[in-house]
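These are the residues of each chain, in order.
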Amino acid sequence: MTQPLEALDDVMGLVSVHKRPVLVAMVEPQSEELKFLHISEPSPVLEVVQASAPRSKIKDLFGQAEHSGMAAFRVKYWQYTAIAHAVPPFDASMLGHRYATQESGSSV
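The structure reproduced in this document is the subject of the present report. No experiment lies behind these values; they were computed from the predicted model shown. (Residues numbered from 1 in each chain as written. Predicted model: local features only at pLDDT ≥ 70, side-chain atom pairs only at ≥ 80, totals over all residues. Heavy atoms only, no water.)

### Focus: the overall build of the protein chain
Convention followed: Note on conventions: DSSP H or I runs of at least 4 residues are helices, E runs of at least 2 residues are strands, and numbering of each starts at the N terminus. Buried means the residue's accessible area, taken with a 1.4 Å probe over protein chains only, is under 20% of the maximum for its type, while exposed means over 50%, and partly exposed covers the values in between. Residue contacts are counted whenever heavy atoms from the two residues lie within 4.5 Å of one another.
Counting its regular elements, the protein chain contains three helices and four strands. When the helices and strands of the protein chain are placed in sequence order, the string is α-β-β-α-β-β-α. When burial is assessed residue by residue, the protein chain has 31% of its 108 residues classed as buried. Partitioning the intrachain contacts of the protein chain with sequence separation of at least 6 by distance along the chain shows that 58% fall at a separation of at least 24.

### Re helix H1 (residues 8–18)
To be explicit about the condition: As used here, the arc belongs to the directions running from the helix axis to the C-beta atoms.
Among all positions of H1, only Leu8, Asp9, Val11, Met12 and Val15 are buried. Burial along H1 is one-sided: seen end-on, the buried residues are contained in an arc of 155°. For H1, the exposed residues set more than 90 degrees away from the buried face come down to Asp10, Leu14 and Val17. Looking at the buried side of H1, the elements it contacts are strand E1 (22–27), strand E2 (34–39), helix H2 (58–68) and strand E3 (70–73).

### Considerations on the pairing of E2
Residues in a regular strand point their side chains to alternate faces of the sheet. Stated formally: When DSSP locates at least two bridges between a pair of strands, those strands are taken to pair.
Where burial is concerned, the two faces of E2 differ: the one with Lys35, Leu37 and Ile39 is buried and the one with Leu34, Phe36 and His38 is not. When E1 meets E2, the two strands line up antiparallel, connected through six bridges. By the bridge assignment for E2, valine 27 is matched with leucine 34. The hairpin formed by E1 and E2 contains six residues between the paired strands, and glutamate 32 there has a positive phi angle of roughly 60°.

### Regarding the nonpolar core
Formally: Among buried residues, the Ala, Val, Leu, Ile, Met, Phe, Trp, Tyr and Cys ones that are joined through side-chain atoms within 4.5 Å form a nonpolar core.
Counting 19 residues, the largest nonpolar core has Met12, Ile39, Ile58, Leu61 and Phe73 as its most contacted members. Those elements that provide at least two residues to this core are H1, E1, E2, H2, E3 and strand E4 (82–87). Ignoring anything within four residues of it in the chain, the contact list for methionine 12 reads Ile39, Ile58, Leu61, Phe73, Val75, Tyr77 and Trp78.

### Regarding the pattern of salt bridges
Two side chains that carry opposite charge are able to pair once their charged atoms sit near each other. To be explicit about the condition: For salt bridges, the criterion is a side-chain nitrogen of Lys or Arg within 4 Å of an Asp or Glu carboxyl oxygen.
Tallying each qualifying case throughout the model produces three salt bridges. Salt-bridge contacts for glutamate 66 lead to lysine 35; the nearest nitrogen and oxygen are separated by 3.2 Å. Taken as a pair, glutamate 66 in helix H2 and lysine 35 in strand E2 lie far apart in primary sequence, 31 residues in all. Overall, glutamate 66 belongs to the partly exposed group, its relative accessible area being 39%. Judged by relative accessible area, lysine 35 falls into the buried class, the value being 14%. Across the salt bridge formed by lysine 59 and aspartate 60, the nearest N and O atoms sit 3.9 Å from each other.

Structure (structure tokens):
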């Protein structure tokens, strides 16, 4: 769990400790919506991108990933690029629709 204004380098420092893909959560201050990013491990098979600006915030990475569904990024102490995938928000109304459809015998 992170705060929107935390430094991207600091958050990714904690992500690095796990040495595997990680789910990062953040509460959007204006909407109070819980948001998630799935962060891949840095990988040598990806094109190495320029390191993020020193003052980048985690909310900036959330914004980039949400804009296109994913974002390639690298922080200053990573040799390789990683991918941040925006996890779509849960829509309870769609769950009810799918359940009603399944109950009626229709295929989804």
